[in-house]
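A structural walkthrough
As a plain string of letters, each chain reads:
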Amino acid sequence: MRLRREDPIEVKSPAQLAIMREAGLVTAAALQAAAAAVEPGISTAELDDIAERAIRSAGALPSFQGYHGYPATICTSINDEVVHGIPDAARVLSAGDIISIDCGAIVGGWHGDSALTIRVGQVQAGGAPHAAPYREDELDGLLRACERALWHGLAQAAPGRRLTDISHAVEQAVRAAGRYGIVREYTGHGIGSKMHMEPAVPNYGRAGRGPVLTAGMALAIEPMLVLGGRQTRQLDDGWTVVTADGSWAAHFEHTVAITDDGPFVLTAEDGGPSGLADLLAGSPVVLAESPGRTGQAVLARGAVPDAQLVSAVSEGAAPTGAAMQPRTRGAVGGRDGI
Ligand code: MF3
Ligand code: CO
């Protein structure tokens, strides 16, 4: 993505973050539905239908559709495709493939964005199911390293940290996991009233630089790792990004809110505690309704199950109208790109 440097970072109110949590949960459910359908023989267009139905049946909107002309609900990127692969009825999955599915949903004007990469099918006893250039354990290592690096980045999404503390944590985790390439041409991003906002979130770099993170900011962190060289190119379809050397790639992404109690992973079903458990000290952060502030969802530590928050919001507790506007209006309307 390409962003205007001078755009400020949007800071959300607790009530706005509560709506982003809804968008995150819809995104997560749609992504899980599509991922659960992955098997040899299914087309990527069928996966797209499944995700779109999950989003629309929740009363939400698919954020990718029409974004700079993008024609689908999800991105499906197979093997050497890194990101932004377009679902296609003629593109059928084979055992031994790996597929990244990237999904975004909008609830009440607020965005969620999340991606994962999984293997397709089971490898037959006695060898690979097709002429895949990689062993199962190499692919598992790539996928694990990428997901693990994402969680290391998410763990840094706390007030007082600097932006590149996230970048550095992602890179360090990758380096610790093995000799993987980190794609540099694409980054994570701020997210909220738009899918792509300031700041860009690189997946490498020195710690301690960039803006100081404060409660109310939200970021999409999305490492892209490759088994070979980190250079990429875009296909003639104007979207699909592939590795220059044909090596296979993994991509994981979550949307995280920075809260006074630390990272709240809006696109993780449990808000993050299970993924962050061994990376963060202290108890999990849970979105909760504040006693004494009727209808105002606030961020609290371990108070109520998330389902209660969602029902509080959908029962009309969340503010509408002026309160739905981001606090930093200047961020809206900035030129963005991907
Ligand atoms: N999650 C993707 C990203 O941040 C969004 C896909 S781009 C779209 O790059 F155009 F397909 F929406
Ligand atoms: Co994204």
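What this report covers is the structure whose coordinates are included nearby. Positions within a chain are numbered from 1, following the residues in the order the chain's sequence is written. Lettering for chains starts from A, numbering for ligands starts from 1, and both go in the order in which the items are written. Reporting of local features is limited, given that this is a predicted model, to residues whose pLDDT is at least 70; pairs of side-chain atoms are given and counted only at 80 or more, and all residues count toward the totals for whole chains, interfaces and linings.

**A few points about the site of ligand 1**
Counted only if it meets this: Placing a C-beta atom from the backbone of each residue, we mark the residue near a molecule or strand if the atom is within 6 Å of it. For helices the rule is a DSSP run of H or I covering at least 4 residues; for strands it is a run of E covering at least 2, with both sets numbered from the N terminus onward. We call Asp, Glu, Lys and Arg charged. Ala, Val, Leu, Ile, Met, Phe, Trp, Tyr, Cys and Pro are nonpolar, and the rest, Gly among them, are polar.
In the neighbourhood of ligand 1, 15 residues make up the surrounding shell, with Phe 64, Tyr 67, Tyr 70, Asp 102 and Asp 113 lying closest. Where the shell around ligand 1 is concerned, the elements lending two or more residues are strand E5 (98-107) and strand E6 (110-119). Residues of the shell around ligand 1, tallied by class, amount to eight nonpolar, four polar and three charged.

**What about the environment of Leu 47?**
Stated precisely, the cut-off is as follows: Whether a residue is buried, exposed or partly exposed follows from its count of other C-beta atoms within 10 Å of its own C-beta, namely 20 or more, 12 or fewer, or something in between, respectively; the C-beta atoms are built from the backbone.
With respect to the helices and strands, Leu 47 occurs in helix H2 (residues 44-57). Assessed through the 26 C-beta atoms surrounding it within 10 Å, Leu 47 is described here as buried. Between the C-alpha atoms of Leu 47 and Ala 30, which are 17 residues apart in sequence, the distance is 9.8 Å.

**With respect to the sheet that holds strand E9 (residues 197-201)**
The condition is simple: One requirement defines pairing of two strands: DSSP has to find at least two bridges between them. A fitted line through C-alpha atoms serves as each axis, taken over the contacting stretch for helices, and the angle formed by two N-to-C directions is quoted from 0 to 180°.
Reading across the sheet, the five strands line up as E9-E8-E10-E15-E16 and stay open at both edges, with antiparallel pairing between neighbours. Each of the sheet's edge strands pairs with one partner strand only, and the pair in question is E9 and strand E16 (262-265). Taking the axes of each pair of neighbouring strands and ignoring which way they run, one obtains an average angle of 25 degrees across the sheet. With four bridges connecting them, strand E15 (residues 254-259) and E16 associate as antiparallel partners. Looking at E16, one finds that Ala 257 is bridged to Phe 264.

**Description of the pairing of E5**
Looking down a regular strand, the side chains alternate between one sheet face and the other. Extensive coverage of E5 is indicated by the burial of ten of its ten residues. Burial along E5 is two-sided: the residues Ile 98, Ser 100, Asp 102, Gly 104 and Ile 106 and Ile 99, Ile 101, Cys 103, Ala 105 and Val 107 are all buried. Note: strand E2 (residues 61-62) against E5, two bridges, orientation antiparallel. Counted as the bridge partner of Leu 61 is Ile 106 from E5. The sheet contact formed by strand E3 (residues 74-78) and E5 spans five bridges and is antiparallel.

Such coordinate-based values are descriptive only and should not be taken to indicate function.
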